[in-house]
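Residue strings, one per chain:
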Amino acid sequence: MSALHEPVTVYTSAGGQPVRLVWRARRFRVTDTPTTLVGTSEWWNSLADHSYGVGHAPLDIAGWRFQATSDDGETHMFDVQNDDGQHWKLVRIFD
């Protein structure tokens, strides 16, 4: 596993799931069912210091994990995050 923070282009379906990724000028097609990566909701950050004893903080989709394959057969597992609704970054890659 390599930790990265590189910009990538991610194309999504109408439902918001990744279907294609462009990384380092190479196109990869998603070849499995993407899995959501979840994280604590942004609005909860101001309350994070308080403990209510039951349950956990509210979660939002923080990114996606998926397998993708290039036209020449190179395959990786990618973790991507969308920072602002427009810009994606690659945060991890599994070989």
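Scoring rules and cut-offs
- Residues numbered from 1 in each chain as written.
- Predicted model: local features only at pLDDT ≥ 70, side-chain atom pairs only at ≥ 80, totals over all residues.
- Heavy atoms only, no water.
- Buried < 20%, exposed > 50% of the residue type's maximum accessible area, 1.4 Å probe, protein only.
- Helix = DSSP H or I, 4+ residues; strand = E, 2+ residues; numbered from the N terminus.
- Pairing = 2+ DSSP bridges.
- Contact = heavy atoms within 4.5 Å.
- Polar contact = N/O pair within 3.5 Å; in protein donor to acceptor, adjacent residues only side chain to side chain.
- Core = buried A, V, L, I, M, F, W, Y, C linked by side-chain atoms within 4.5 Å.
- Phe/Tyr/Trp six-rings, centres within 6.5 Å; stacked < 30°, edge-to-face > 60°.
- Lys NZ or Arg CZ within 6 Å of the ring centre and 35° of its normal.

How should I be thinking about unusual backbone geometry in this particular structure?
The bulk of non-glycine residues show a negative phi, and the bulk of peptide bonds are trans. The backbone of R24 sits at a positive phi, close to 50°, despite the residue not being glycine. Given a relative accessible area of 56%, R24 falls into the exposed group. With a phi angle near 65°, A25 is a residue other than glycine that sits in the positive phi range. Within the secondary structure, A25 sits in the loop between strand 2 (18-23) and strand 3 (26-30).

I would appreciate a short explanation of the pairing of strand 7 (residues 88-94) in the present structure.
Regular strands show a simple pattern: their side chains alternate between the two faces of the sheet. Sheet analysis places strand 6 (residues 75-82) next to strand 7, joined by six bridges and oriented antiparallel. Of the residues in strand 7, the one forming a bridge with Q81 is K89.

What should I look at first to understand the environment of R65 in this one?
Note that R65 resides in strand 5 (residues 59-70). Here R65 falls in the partly exposed class, since its relative accessible area comes to 31%. Placed 27 residues apart in sequence, R65 and R92 show a C-alpha to C-alpha distance of 9.0 Å. The contacts of R65, once residues within four sequence positions are left out, are P34, T35, L37, M77, F78, D79 and F94. At 2.6 Å, the side chain of R65 and the side chain of D79 are in polar contact.

Is there a simple way to think about the nonpolar core in this case?
A general tendency of soluble globular proteins is for nonpolar side chains to be buried together. Counting residues in hydrophobic clusters, the biggest one holds 15 residues, and the most contacted among them are V8, L21, W23, F66, F78, V80 and L90. Among all residues touching V8, those that are not within four sequence positions of it are L21, V22, W23, V80, W88, K89 and L90.

Would you mind showing me how to read the packing of aromatic side chains here?
Summed over the entire model, instances satisfying the criterion amount to four aromatic pairs. With a centroid separation of 6.0 Å and 35° between ring planes, the pair formed by F66 and F78 is classed as tilted. Pair noted here: F66 is in strand 5 and F78 is in strand 6, with a separation of twelve residues, a long-range link. Summarising the burial analysis for this pair, F66 and F78 share the class buried. Sitting over the ring of Y11, R20 keeps its end group 4.1 Å from the ring centre.

Quick question: what am I supposed to make of the side chain of E6 here?
Tracing the sequence through the fold places E6 in strand 1 (residues 2-12). For E6, a relative accessible area of 18% gives the class buried. Within the local environment of E6, its side chain forms a polar contact with the side chain of W23, the two groups lying 2.9 Å apart. Setting aside residues up to four positions removed in sequence, E6 forms contacts with W23, R24, W88, K89 and L90.

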